[in-house]
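So you can see what is in the structure, the chains are spelled out below.
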Amino acid sequence: MTSGDAERRAEKLESHPEGSRRKRREEGLGASRVTARGEYSGPETEQLMEAVVERENMKLALKQVERNSGAAGVDNMTVGQLRAYLREHWQRIKEELLADNYRPQPVLKVEIPKPGGKGMRVLGIPTVIDRLMQQALHQVLSPIFEPDFSESSYGFRPNRSAQQAVVKAREYVREGRRWVVDIDLEKFFDRVNHDILMSRVARRIKDKRVLRLIRNSTRRVGQGVGTTWSQVLPLCRRL
């Protein structure tokens, strides 16, 4: 199934927004419209790529990638070389993104030991350029999806942390709750149905360039490896 098929399939999928959640959606989207099926329309979701490549958004994304640092990908470009590369090539990259011609590079597969000596874990390291694109994309997508995420979700979310999760857990203990359920989505992107995943994303995002970029990024990871430094993938996992 192509990304276009996934987008058309999204038109057929029904959702049931309720109460305060729906109210938050309507308020957060301003001029956008929430349909009876929970889908969105409006310039915010139809021309998102322009927001992704906007100068201030890219400057913020670049600073975050530099703070994160990390190893080079398959092209051997380091974070320290990124600014100089962008000064020479950003206009071309921007035009590729706007024209729907940008394609993420393969991830670099590396092995690291699992905790407790339980074998090796394979990670995929994106190139620094792809990490920059993922960060810029995340900064635009996050405000769209965040209002609908569970109040009990703390991982990979803005202004939330593991420490806050511990504080909440202690509150539950004081309330007399005693059961703990530990669930892990093992090899999520190896096993997830990408067509269903993209159909859920397409309920909210109408810019086909952004949908294809997300699909291409998740496909790169779903090849037997985990990934590092990706902001978009944890966002998709919560859908």
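Every value quoted in this text rests on a predicted model; they were computed, and no experiment measured them.

Participant: Outline the overall build of the chain, listing residues and values.
Facilitator: The helix and strand inventory of the chain stands at twelve helices and five strands. Taken over 239 residues, the chain has a buried fraction of 41%. Intrachain contacts of the chain at a sequence separation of at least 6 include 69% that bridge at least 24 residues. Accessible surface for the chain amounts to roughly 13,900 Å². Of this, 50% is attributable to carbon and sulfur atoms.

Participant: Tell me about the pairing of strand E4 (residues 120–125), and please be specific about residues and values.
Facilitator: Note: strand E3 (residues 108–113) against E4, six bridges, orientation antiparallel. In the strand pairing of E4, Glu111 is matched with Val122. Hairpin remark: E3 followed by E4, antiparallel, with six residues in the connecting loop; positive phi at Gly116, about 75°.

Participant: Explain the side chain of Asp207 residue by residue, including any values.
Facilitator: Along the polypeptide, Asp207 turns up in the loop between helix H10 (194–204) and helix H11 (208–221). At 2.9 Å, the side chain of Asp207 forms a polar contact with the backbone nitrogen of Leu48. In this structure the side chain of Asp207 is engaged in a polar contact, spanning 3.0 Å, whose partner is the backbone nitrogen of Met49.

Participant: Mind laying out the pattern of salt bridges, listing which residues take part and the relevant values?
Facilitator: The tally for this structure, following the rule as stated, stands at nine salt bridges. Notably, a salt bridge pairs Arg83 with Glu66, separated by 2.6 Å at the nearest N-O pair. Of this pair, Arg83 sits in helix H6 (residues 82–98) while Glu66 sits in helix H5 (residues 55–68), placing them 17 residues apart in sequence. Given a relative accessible area of 38%, Arg83 falls into the partly exposed group.

Participant: Quick one: what's the story with the nonpolar core, residue by residue and with numbers?
Facilitator: If you look at the biggest cluster of nonpolar residues, it comprises 35 residues, and the most contacted ones within it are Leu97 and Ile205. Elements represented by at least two residues in this core include exactly helix H4 (48–52), H5, H6, helix H7 (128–145), H10 and H11. Examining the composition of this core, we find that ten residues originate from one element, H7, more than from any other. Those residues in contact with Leu97 that sit more than four places away from it in its chain are Met49, Val53, Trp90, Tyr102, Met133, Arg209 and Leu213.

So, how was this worked out
Residues numbered from 1 in each chain as written. Predicted model: local features only at pLDDT ≥ 70, side-chain atom pairs only at ≥ 80, totals over all residues. Heavy atoms only, no water. Helix = DSSP H or I, 4+ residues; strand = E, 2+ residues; numbered from the N terminus. Buried < 20%, exposed > 50% of the residue type's maximum accessible area, 1.4 Å probe, protein only. Contact = heavy atoms within 4.5 Å. Areas by Shrake-Rupley, 256 points an atom, 1.4 Å probe, with all protein chains shown as cover. Pairing = 2+ DSSP bridges. Polar contact = N/O pair within 3.5 Å; in protein donor to acceptor, adjacent residues only side chain to side chain. Salt bridge = Lys/Arg side-chain N within 4 Å of Asp/Glu carboxyl O. Core = buried A, V, L, I, M, F, W, Y, C linked by side-chain atoms within 4.5 Å.

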